Amino acid sequence: MNANFAERLAELPHFLSAHVVLSVTAILTGIALSVPLGIHAAQRPKLAAVTLNVASVIQTIPGLALLALMVPLLGGTIGYLPAFVALMLYSVLPILRNTIVGLQGIEPQIREAARGIGLTDRDRLWQIELPLALPVIVAGLRTATVWVVGSATLATPVGATSLGNYIFAGLQTRNWLSVLFGCVFAAGLAIVLDQAIRLLEIAARDRRRGMAMGVGVFLAALVAVSVAPRFVSFDGSDPAQGPLGEAAAARSIAGERVVVGAKAYTEQYILGALMERRLAAAGARVDRRDNLGSTIAFDALRTGEIDAYVDFTGTIWATVMNRPEPIDRYVMFTEMSAWLWQEHGIVTLGRLGYENAYGFAMRRDAAEALEVDSLDDLAPLAGDLVIGGDPEVFARAEWTATRDAYGLGPMETRTMDNTFLYSAVRDGQVDVITAYTTDGRIAAFDLAVLDDPLAVLPPYDAVILLSPEAAQRPGLAEALAPLIGAIDAQTMREANRRVDLGDQTPAQAAAWLDARISSRTGPEEP
Amino acid sequence: MSEPGGPVLDIRAVSKTYPGGVEAVRNVSLQVERGELLALAGESGCGKTTVLKMINRLEDASGGSIVYEGRDVAGLDPVKLRREIGWVMQGDGLFPHLTVRENVAIIPRLLGWEAADIRDRTDEMLDLVQLPPSDYAGRHPGELSGGQRQRVGFARALAGKPDLILMDEPFSALDPITRDTLQQEFRALQAELGFSAVMVTHDMAEALIMADQIAVMLDGEIIQQGTPSELLEHPATDYVSGLLETPRRQMRAIRELGA
């Protein structure tokens, strides 16, 4: 627990500063856009109606969806930019609406008096209307600030670092301290910014220059401290270096920046940390992009936003190449590698050695009671069973193929986060789950993985993929090559178990995995 | 340009037709002599406020011309014109977020006066309307009574040293005692400073007490113009007699009481 706390605390400067930069730039741009638009629209009822409707529609898009949509809309870019654009759009509505409402709420008599005594339109706006509407505009600004700071935690899956990294990683690894860190600091930041704006408003209203200066200096300092790490060479590598002798082996990527991606679950965090260790040992400066959505990770690799990550043959086959039919393991690997190289210049460095397939799992005692051994046996019972799956599985070709092949259509499907799937089936809340075959909880919860006699489910060999740009750097491939063929399913399952059921962090599990690989005489041949 | 001795304001056959064909004002001609107060009297909707707003171009006339200090207002910049002419409206029209001093100072500030001059002028104006600056300059309009707010309104209108003041029902929101006091104070101010004024009112008694000239309007036209005594002695129509009936009856009643 103490190691956990120390590790979370060590992440804080990075996550918090990224969160501050992301939300503050989004809000400031939102103000720069909404206030002039609101002023313009306040005198034009038709325009006001149109802009408010557009902003309201944007607002009804769930935050996570808006963030995810920005990635394809910006041509596959991940990281700060799509998050910034989405959050900025999110901040528009409250500020725009309150600017319009605030200006329209000014008594006509006051406006007429201003005209009558000889104020120009410009003077009237700046000296009379805006000051009078200020409390309403500021109320909108405060709403926007709280929204944006909160929604910025959802920026993690599109590759932007934020306090959401605590929450997503914590959820996947059942590390509730990490989730709590994310919540507490995000809420704290929202409160601090909200109060700062409130004090600025009071200072403006009462013309308290000292107070305004004080708050201004505080906000400027907050942003300056947050931005500073971006201009200083920031070594994001794991402070605990492994007891390795390889440091001397790597040469060509020393001092270079390498970005390692990972999807949003335990095994990916461990493998990301493992690759980070190897690359750091070779002298690279490693940046991590954890918690990427499944297709976002691939897009990011394709566009070179990340240099390397681990994916699965079956996933690329079904969701990237759109090939629904199952095929022999080795043929699939070969065809996929060739296709990735030809289509995108992506290099498949090799298979790690284990397979993490989708499987269908039940409680062993329940399976025995129902006399179910294989997916074949489920068909007659399908109408009475509930199946739980992770957020993407029911949208994948493998599920449709399995469902149709075994007649599982009548089953009620229920989607939940991967974290909760295994305990849900253990506790009888669902009857069957889609499981990852390397998950440590299959053994720990005494679950039975059902056979697939028709071989509908494609193979899922874990592979390291390198971006087209990374493929041009031999030192990078050299640093990761020792991992090829070095991890069998049992080893991976043990590493996962250490995080999911033990109290280790992914970095600790990666250190264990690293040591285990190094202790062997050489990589095992698959 | 300005003709000394000529009228401050010369309204020549002015009319106003709104889009859609509504004729708010028809063929109105009026003159305001220097230092005089002209009352535009009549019921709501008779066009009197429209005439007032055409003078400082809050509305533009559809026909005829308005000559202020020898210049046709149609050829002047509306903002500059309005800064030269004081404007007082019903229910004060003060800016609630500004202090009394800032409200009064707004026109001199826009005219680009020196800070010290602005300060002296606002002090002078507040003293003139009997709101000692030491007590009142720093207050906000919300902290004043209705009569005090209207006084600030006068101070603001006078701060830019205008030759002409336009007033739209300036006393109608006040209680009778405050109204009477302010009416008398206003005439005293006018006598002291020598500016001219046009006042819109629906209260015939107010027009009789305050004005040098009264123009009675009905349906966009002037039906009679003259001094208060001319109107009382020779009302031109039954409508004018009717308007005068209420103040007459009140005067008779009061005289009988005093006898």
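Residues numbered from 1 in each chain as written. Chains lettered and ligands numbered in written order. Predicted model: local features only at pLDDT ≥ 70, side-chain atom pairs only at ≥ 80, totals over all residues.

When its secondary structure is counted, chain B shows 10 helices and 10 strands. Its C-alpha radius of gyration of 19 Å places chain B within 12% of the 18 Å reference for a compact globule of 259 residues. Overall size of chain B, expressed as C-alpha extent along the three principal axes, is 55 × 55 × 40 Å. Classification of the 259 residues of chain B by burial places 41% in the buried group. In chain B, 68% of the contacts between residues at least 6 apart in sequence involve partners at least 24 apart. (Helix = DSSP H or I, 4+ residues; strand = E, 2+ residues; numbered from the N terminus. Rg over C-alpha atoms; globule rule 2.2 N^0.38 Å. Buried ≥ 20, exposed ≤ 12 C-beta atoms within 10 Å, placed from the backbone. Contact = placed C-beta atoms within 7 Å.)

Let's shift gears to the overall build of chain A. A count of helices and strands for chain A gives 20 helices and 10 strands. Considering only C-alpha atoms, chain A reaches an extent of 90 × 60 × 45 Å along its principal axes. In chain A, which comprises 526 residues, the share counted as buried stands at 47%. Taking as baseline every contact in chain A between residues at least 6 positions apart, the subset at least 24 positions apart corresponds to 79%.

We now examine the interface of chain A and chain B. Where interface size is quoted, it is often the accessible area lost as the parts come together. Counting from both sides, the interface comprises 14 residues of chain A and, opposite them, 15 residues of chain B. Where the side of chain A that touches chain B is concerned, the elements lending two or more residues are α5 (108–116) and α6 (121–151) of chain A. Top contributing element to the side of chain A that touches chain B by residue count: α5(A), with 6 residues. Tallied by class, the residues present in the side of chain A that touches chain B amount to 7 nonpolar, 4 polar and 3 charged. (Nonpolar A, V, L, I, M, F, W, Y, C, P; charged D, E, K, R; others polar.)

A word on the environment of B:D163. Residues and elements named next belong to chain B. Note that D163 resides in the loop between α6 (146–159) and β7 (164–168). Taking the number of C-beta atoms within 10 Å as the measure of exposure, D163 has 18 and is therefore partly exposed. Counting along the chain gives 94 residues from D163 to E69, while the straight-line C-alpha distance between them is 8.9 Å. With sequence-adjacent residues up to four places away left out, D163 is seen in contact with V8, E69, F195 and S196.

Let's shift gears to the sheet that holds strand β10 (residues 221–226) of chain B. Residue and element names in this part refer to chain B. Judged by pairing direction, the sheet is mixed, and its 6 strands sit side by side in the order β6-β7-β8-β3-β9-β10 without closing on themselves. Each having just a single partner strand, β6 (85–89) and β10 make up the two edges of the open sheet. Neighbour-to-neighbour, the strand axes of the sheet open up by a mean angle of 15°, direction not taken into account. Bridge analysis of strand β9 (residues 213–218) against β10 gives 5 bridges, and the strand direction is antiparallel. Residue pairing across strands places L218 opposite E221, the latter belonging to β10. (Pairing = 2+ DSSP bridges. Axes fitted to C-alpha atoms, helices over the stretch in contact; angles between N-to-C directions.)

A few words now on the domain arrangement of chain A. Domain boundaries assigned for chain A yield domain 1 (2–231), domain 2 (246–355 + 469–519) and domain 3 (358–449). Each of domain 1 of chain A and domain 3 of chain A has a C-alpha centre, and these two points are 43 Å apart. (Domains from an automatic or database assignment.)

What follows is about the pairing of strand β1 (residues 257–263) of chain A. Residue and element names in this part refer to chain A. Among the 7 residues in β1, 6 count as buried, and that is most of the element. Relative to strand β2 (residues 285–292), β1 runs parallel, the two being bridged by 6 bridges. Opposite R257, over in β2, you have R285 as the bridge partner. The handedness of the β1 to β2 crossover, carried by helix α10 (residues 266–281), is right-handed. (Right-handed = clockwise from strand over helix to strand, strands pointing away.)

Turning our eyes to something else, we now look at the sheet that holds strand β4 (residues 63–68) of chain B. With antiparallel pairing, the 4 strands of this open sheet are ordered in space as β2-β1-β4-β5 (chain B). Pairing within the sheet leaves two strands with one partner each, and these edge strands are β2 (23–32) and β5 (71–72) of chain B.

A few words on the packing of helix α4 (residues 80–104) of chain A against α6(A). Residue and element names in this part refer to chain A. At a minimum axis separation of 8 Å, α4 and α6 run at an interaxial angle of 160°. By the angle between their directions, the pair α4 and α6 is classed as roughly antiparallel. Seen along the crossing, α4 lies across α6 with a hand that is right-handed. Each of L87, Y90, S91, P94, I95, R97, N98, T99, V101, G102 and L103 in α4 lies in contact with α6, whose residues at this interface are E129, A133, V136, I137, A139, G140, L141, T143, A144, W147, V148 and S151. Considering only residue class, the contact of α4 with α6 consists of 14 nonpolar, 7 polar and 2 charged. (Parallel < 35°, antiparallel > 145°, perpendicular 65-115°, else oblique. Left-handed = near helix turned anticlockwise from the far one by under 90°.)

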